[in-house]
Amino acid sequence: MLKRAVKLGPDAVRQFKALSAAERSRLAAAMHAALGEDDATAANKTRFRLRRPSGQSEFEFRDGDLRVFYRVEANRVLVDAIGRNRGNQLFIGGRRVTL
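Definitions and limits used
Residues numbered from 1 in each chain as written. Predicted model: local features only at pLDDT ≥ 70, side-chain atom pairs only at ≥ 80, totals over all residues. Heavy atoms only, no water. 1 Å grid on protein atoms, 1.4 Å probe; cavity = no way out; pocket = protein on both sides within 12 Å on 5 of 7 lines; lining within 4 Å. Points joined across faces, edges and corners; volume = space filled by probe spheres on them. Helix = DSSP H or I, 4+ residues; strand = E, 2+ residues; numbered from the N terminus. Phe/Tyr/Trp six-rings, centres within 6.5 Å; stacked < 30°, edge-to-face > 60°. Buried < 20%, exposed > 50% of the residue type's maximum accessible area, 1.4 Å probe, protein only. Lys NZ or Arg CZ within 6 Å of the ring centre and 35° of its normal. Salt bridge = Lys/Arg side-chain N within 4 Å of Asp/Glu carboxyl O.

Peer 1: Would you take a moment to explain the layout of surface pockets for this structure?
Peer 2: Rolled over the atoms, a probe sized like a water molecule indicates the empty space that remains. Considered as a void within the structure, the largest pocket measures approximately 440 Å³ in volume. Surrounding the largest pocket, 17 residues form its lining, R51, E60, R62, L90 and L99 being those nearest its centre. The set of elements that each furnish at least two residues to the lining of the largest pocket consists of β2 (47-49), β3 (59-63), β4 (66-73), β6 (89-92) and β7 (95-97).

Dropping the structure here:
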């Protein structure tokens, strides 16, 4: 098993704090299990490489309607953004985003 530290970037910290307490708890546990304890680069139904990586993020992790965009560097997982999927639209920091 590959263990990595999961670190939130400044934008991700702000977006994480904007979630409800229940969502923060659920997402923190899911990120620790899927990104910290498991191989964060291995694709599965909830975790995969972005087809068009952005300037920062290479991967997306899904937990319910929440989306976590991250990259892997050595033994760390760096979370760049946390968003919410509503229908077929993605909102990050309250703004609609197109990837």
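Now that the structure is up, let's keep going.
Peer 1: What is the right way to look at the packing of aromatic side chains in this model?
Peer 2: For any pair of aromatic rings, the description consists of the separation of the ring centres together with the inter-plane angle of the planes. All told, the structure shown has one aromatic pair when counted by the stated rule. Measuring from ring centre to ring centre gives 5.3 Å for F59 and Y70, while their planes differ by 20°; the resulting arrangement is stacked. Here F59 is found in strand β3, whereas its partner Y70 is found in strand β4, with 11 residues between them in sequence. Given the relative accessible area of 0%, Y70 is considered buried. Over the ring of F91 we find R86, and its NZ or CZ is 4.8 Å from the ring centre.

Peer 1: I'm lost on the pattern of salt bridges in this one. Help?
Peer 2: Opposite charge on two side chains allows them to pair when their charged atoms are near. The tally for this structure, following the rule as stated, stands at 13 salt bridges. Linking R14 and D11 is a salt bridge whose minimum nitrogen-to-oxygen distance equals 2.3 Å. Of this pair, R14 and D11 both sit in helix α1 (residues 10-17), three residues apart, roughly one helical turn. A salt bridge links R76 to E73; its shortest N-O distance comes to 3.5 Å. Overall, the relative accessible area of 34% leaves E73 in the partly exposed class. A single network of salt bridges, built from pairs that share partners, joins R71, E73, R76 and D80.

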